[in-house]
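# Remarks on the overall topology
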Amino acid sequence: MKEITKTNAARILDNLRFTYNLRTYEVMGEHQSATDVSEALGIREEIIYKTLVLTGQNDPYIVAVIPGNAQVDLKKLAIISGNKKCEMLPMKDLQHITGYIRGGCSPIGMKKIFPTYIEELASLENKIVISAGKKGLQIEINPQDLIKATNAIFADIIIGA
């Protein structure tokens, strides 16, 4: 069995002494959906969360952690974050701003700490699964620990919730 190389996100969780599990899966293609990841890991799709980075006029960068099968509600996020409007960060800027690539962006361990909002549905789960900071590697973590690790808040930030 191949040893898993810990990412910066995992090392941060180790330093905080939080309990988590690293889960690996085979990357098939350039873009994988929450459905692909849930099938590869054999877990419910509802607990797979993706990390989005957005921009606002007051906060240059905002992080939203939402279910992989949901869409961020830009108006809700703008109101909650105190911005007039929010929009997605251009993909070409993601690695420069966060240190992460698309498909491997974790809310833990970005280059800087940004205001972070986690969809409040996560608070109903014992564990959610987020990117560990590289494609093919996920972190299974208690949502309350994720809140503490990222200085985030739970908020209603998806369409239709």
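Please refer to the structure placed before this passage.
Numbers given for residues are sequential positions, taken from 1 along each chain in its written order. The model is predicted, so local features are restricted to residues of pLDDT at least 70 and side-chain atom pairs to those at 80 or more, both for listing and for counting; the totals for chains, interfaces and linings are taken over all residues. The side-chain values count all of the structure's non-hydrogen atoms but skip hydrogen atoms and water molecules.

### Let's talk about the overall build of the protein chain
Note the cut-off: The secondary structure listing takes helices from DSSP runs of H or I that are at least 4 residues long and strands from runs of E that are at least 2 residues long, numbered from the N terminus. The globule rule used for comparison is 2.2 Å times the number of residues to the exponent 0.38, while the radius of gyration itself is calculated over C-alpha atoms. For each residue, the accessible area found with a 1.4 Å probe, counting protein chains only, is set against the maximum for its type, and the residue is called buried under 20%, exposed over 50%, and partly exposed in between. In what follows, residue pairs with any heavy atoms lying within 4.5 Å of each other are defined as contacts. Charged residues are defined narrowly, with Lys and Arg counted positive, Asp and Glu counted negative, and His plus the chain ends left uncounted. We put the charge of a Lys on NZ, of an Arg on CZ, of an Asp on CG and of a Glu on CD.
Within the protein chain, the secondary structure is distributed over 5 helices and 8 strands. What you see for the protein chain is a C-alpha radius of gyration of 15 Å, in line with the 15 Å of a compact globule of 161 residues. By principal-axis analysis of the C-alpha atoms, the protein chain measures approximately 50 × 35 × 30 Å. Going through the 161 residues of the protein chain one by one, you find that 47% of them count as buried. Restricting to contacts in the protein chain with at least 6 residues of sequence separation, those with at least 24 account for 61%. Positive and negative charge centroids in the protein chain, built from 19 and 18 side chains respectively, lie 7 Å apart.

### Points about the environment of Thr5
Relative to the elements of secondary structure, Thr5 occurs in the segment before helix H1 (8-15). In the structure, Thr5 is positioned 132 residues away from Leu137 in sequence and 9.6 Å away in space, judged by C-alpha atoms. Apart from the residues within four sequence positions on either side, Thr5 is in contact with Lys134 and Leu137.

### Brief notes about the nonpolar core
Selection rule: As used here, the term nonpolar core means buried Ala, Val, Leu, Ile, Met, Phe, Trp, Tyr and Cys residues forming a set that is joined through side-chain atoms within 4.5 Å.
The biggest cluster of nonpolar side chains holds 29 residues, and the ones touching the most others in it are Leu13, Ile130, Ile139 and Ile141. Residue contacts for Ile130: discarding those within four places in its chain leaves Tyr49, Val65, Ser106, Pro107, Ile108, Gln138, Ile139, Ile141 and Leu146. Ile66, Leu77, Ala78 and Ala155 belong to the second-largest nonpolar core, a separate cluster that totals 14 residues.

### Comments concerning the state of the cysteines
Put simply, the rule reads: Pairs of cysteine sulfur atoms within 2.5 Å are what we label disulfides.
Going through the model one piece at a time under the given rule, you end up with 0 disulfides. A disulfide-free cysteine, Cys86 has its sulfur positioned 16 Å from the sulfur of Cys105, the nearest such atom. With relative accessibility at 6%, the residue Cys86 sits in the buried group. By relative accessible area, Cys105 is classed as buried at 7%.

### Some points on helix H2 (residues 34-41)
Basically, it comes down to this: This arc describes the spread of directions from the helix axis toward the C-beta atoms.
Of the residues making up H2, those classed as buried are Ala34, Val37, Ser38 and Leu41. When H2 is viewed along its axis, its buried side chains cluster within an angular range of 100° and face the same direction. Where H2 is buried, its residues touch strand S1 (20-24), strand S6 (128-134) and strand S7 (137-141). Positive phi appears at Gly42, one or two residues downstream of H2, with a value of about 70°.

From the geometry alone we can't say anything about function, so treat these as descriptive.
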